[in-house]
Amino acid sequence: MLVKYLLATIVAGLFAGILLTPAMYVRNVPLILHAEEYENAGGHEHSNDAAAAATAAAPAAVAPHEHEEEASPALPFGRFGNTLLINLVAGAGFALITGAAALFLGRRITLQNGIYWGLAGFFIFNLAPAFSLAPELPAMPAADLATRQAWWLITVLLTAGGVYFIVLRDEIWAKVLGIALIVAPHIYGAPEADDLTSSVPPTLASEFAVSTLATNLFFWVVLGTALGWAIQHYAQSELDA
């Protein structure tokens, strides 16, 4: 039974999710609110929700972008409460994925190597998809949400495979295959909107993309470090058993 391992993983994820929320409010949320001003001014209906703004599953841009700050049917806990709740779920989910990957690969996550696991997660889930599908603000044109989510998921899976072959295999063919897997979805291309016209200034969109990636990097570094500490201190005995 790996009960302690599971609990340590979840606690580390919740901790990272808690710290992610104020980090988002430093820069990401103000940019979303700014973009909403252009959305309102242009009367533009946008199908993106907060998760779509984060390229389907990126943890650092899941703040709802509805206009009400107080609780409402769309935001039952208010903007901050919903953001915190989603970040907790995202943190626990990504922590479980990382912990499960370590078990499957027969690798240990420790305090010493935890940051590397976090950096790998950032590259797989955020940086690599953002090369072709950058985080999007409200009022920005976007392709069909289901299509973007499918492309994001395929890209994540191929990138994860590529990282495995490059980092954990020594053969030359494995390195070449890993690079090919990482590059393949970008050669194919991410889905794009038919009409790229947007009322959002390009500088605001690029600033949001950069700030989202920076916040995601912070999240993954915290998550990897917290995972290493929690597993090493509370679940090592079960792994050694």
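None of these values were measured; they are calculated from a predicted model. Here the residue numbers are simple positions, counted from 1 along each chain's written sequence. Totals for whole chains, interfaces and linings use all residues, but because this is a predicted model, local features are given only for residues with pLDDT of at least 70 and pairs of side-chain atoms are given and counted only at 80 or more. Each side-chain value is worked out from all heavy atoms of the structure, with water and hydrogens disregarded.

Topic: the overall build of the protein
Line of reasoning, step 1. Summing up its helical and strand segments, the protein has eight helices and zero strands in all.
Line of reasoning, step 2. The way it works is that DSSP assigns letters per residue, a run of H or I at least four long becomes a helix, a run of E at least two long becomes a strand, and they are numbered from the N terminus. Ordered by position from N to C terminus, the α and β elements of the protein give α-α-α-α-α-α-α-α.
Line of reasoning, step 3. Looking at the protein as a whole, 46% of its 241 residues are labelled buried.
Line of reasoning, step 4. Across the protein, every contact between residues at least 6 apart in sequence was considered, and the portion connecting residues at least 24 apart equals 77%.
Line of reasoning, step 5. Put simply, the protein shows about 11,800 Å² of open surface, and 70% of that area lies on carbon and sulfur atoms. Remark: exposure states derive from per-residue accessible area (1.4 Å probe, protein chains only) relative to the maximum for the residue type, with buried under 20%, exposed over 50%, and partly exposed in between. Throughout, a residue-residue contact means that at least one pair of heavy atoms, one from each residue, lies within 4.5 Å. Surface exposure here means Shrake-Rupley accessible area, sampled with a 1.4 Å probe, where a residue is shielded only by the protein chains that are shown.

Digging into the nonpolar core
Line of reasoning, step 1. In plain words, nonpolar cores are sets of buried Ala, Val, Leu, Ile, Met, Phe, Trp, Tyr and Cys residues tied together by side-chain atoms within 4.5 Å. If you look at the biggest cluster of nonpolar residues, it comprises 29 residues, and the most contacted ones within it are F94, F125, F219, W220, L223, L227 and I231.
Line of reasoning, step 2. Those elements that place two or more of their residues in this core are α1 (3-42), α3 (78-105), α4 (114-130), α5 (145-168) and α7 (202-234).
Line of reasoning, step 3. Counting nine residues, the second largest nonpolar core, distinct from the first, contains I32, M140, V200 and A205.

Some remarks on the packing of α3 against α7
Line of reasoning, step 1. In the contact formed by α3 and α7, the axes pass within 11 Å of each other and the chain directions differ by 55°. When the axis of α3 is compared with that of α7, the two are oblique. Along this stretch, α3 crosses α7, giving a crossing that reads as right-handed. The residues of α7 that touch α3, namely those facing A90, G91, F94, A95 and T98, are F219, W220, L223 and L227.
Line of reasoning, step 2. Here the contact of α3 with α7 is built from residues that sort into seven nonpolar, two polar and no charged. To get an axis, fit a line to the C-alpha atoms, keeping to the stretch in contact for a helix; angles then go from 0 to 180 degrees between the N-to-C directions. Each angle receives one of four descriptions, namely roughly parallel if under 35 degrees, roughly antiparallel if over 145, roughly perpendicular if within 65 to 115, and oblique otherwise. Left-handed describes a crossing whose near helix is turned anticlockwise from the far helix through less than a right angle; right-handed describes the clockwise counterpart. Under the convention adopted here, Pro, Cys and the residues Ala, Val, Leu, Ile, Met, Phe, Trp and Tyr are nonpolar, Asp, Glu, Lys and Arg are charged, and Gly plus all remaining residues are polar.

Brief notes about the packing of aromatic side chains
Line of reasoning, step 1. Each Phe, Tyr or Trp ring (for Trp, its six-membered ring) is paired with any other whose centre lies within 6.5 Å, and the angle between the two planes then decides the class: stacked below 30 degrees, edge-to-face above 60, tilted in between. Counting across every chain of the model gives 10 aromatic pairs.
Line of reasoning, step 2. The interplanar angle of 10° and the centroid separation of 5.5 Å between the aromatic rings of F125 and W220 together place this pair among those described as stacked. Of this pair, F125 sits in helix α4 while W220 sits in helix α7, placing them 95 residues apart in sequence.
Line of reasoning, step 3. Look at F125 and you get buried, because its relative accessible area is 12%.

A look at the pattern of salt bridges
Line of reasoning, step 1. By salt bridge we mean one thing: a side-chain nitrogen of Lys or Arg within 4 Å of a carboxyl oxygen of Asp or Glu. Going through the model one piece at a time under the given rule, you end up with three salt bridges.
Line of reasoning, step 2. Note that E136 and R148 form a salt bridge whose closest N and O atoms lie 2.8 Å from each other. Separated by 12 residues along the polypeptide, E136 in the loop between α4 and α5 and R148 in helix α5 bring together distant segments of the chain.
Line of reasoning, step 3. In this structure, R169 engages E171 in a salt bridge whose closest nitrogen and oxygen atoms are separated by 3.2 Å.

Overview of the confidence of the model for the protein
Line of reasoning, step 1. The pLDDT averaged across the protein works out to 83; a share of 80% of its residues lies at or above 70.
Line of reasoning, step 2. Values of pLDDT, ranging from 0 to 100, describe the predictor's confidence in every residue of the model. For residues 60-72, every residue scores under 50 in pLDDT, and the model assigns this stretch 54 contacts once sequence neighbours within four places are set aside.

Thoughts on α5
Line of reasoning, step 1. Between the first and last C-alpha of α5 there are 34 Å, a value that for 24 residues agrees with the 34 Å anticipated at 1.5 Å per step.
Line of reasoning, step 2. Within α5 the residues assigned to the buried category are R148, W151, W152, T155, V156, T159, G162, V163 and F165. Expected helix span is taken as 1.5 Å per residue step, with the number of steps being one fewer than the number of residues.

Re a nonpolar patch on the surface
Line of reasoning, step 1. Excluding any residue in a salt bridge, patches collect residues exceeding 30% relative accessible area, merging like charges within 9 Å and nonpolar Val, Leu, Ile, Met, Phe, Trp and Tyr side chains within 5 Å. A contiguous nonpolar surface patch, about 450 Å² in accessible area, is contributed by I166, V167, I179, V183 and I187.
Line of reasoning, step 2. Take the nonpolar patch: its biggest share by element is three residues, from helix α6 (residues 172-188).
Line of reasoning, step 3. Assignment of secondary structure puts I166 in helix α5.
Line of reasoning, step 4. By relative accessible area, which is 30% here, I166 ends up partly exposed.

Section: the environment of A130
Line of reasoning, step 1. Structurally, A130 is set in helix α4.
Line of reasoning, step 2. Taking the C-alpha atoms as reference, A130 lies 8.4 Å from L213; in sequence the two are 83 residues apart.

Side note on the packing of α4 against α7
Line of reasoning, step 1. Interaxial distance between α4 and α7 falls to 7 Å at its minimum, and their mutual angle equals 150°. As far as their axial angle goes, α7 and α4 are roughly antiparallel. For α4 against α7, the interelement crossing comes out right-handed. Together, G114, I115, G118, L119, G121, F122, F125, N126, L127 and A130 of α4 and L213, N216, L217, W220, V221, G224 and T225 of α7 make up the contact between the two elements.

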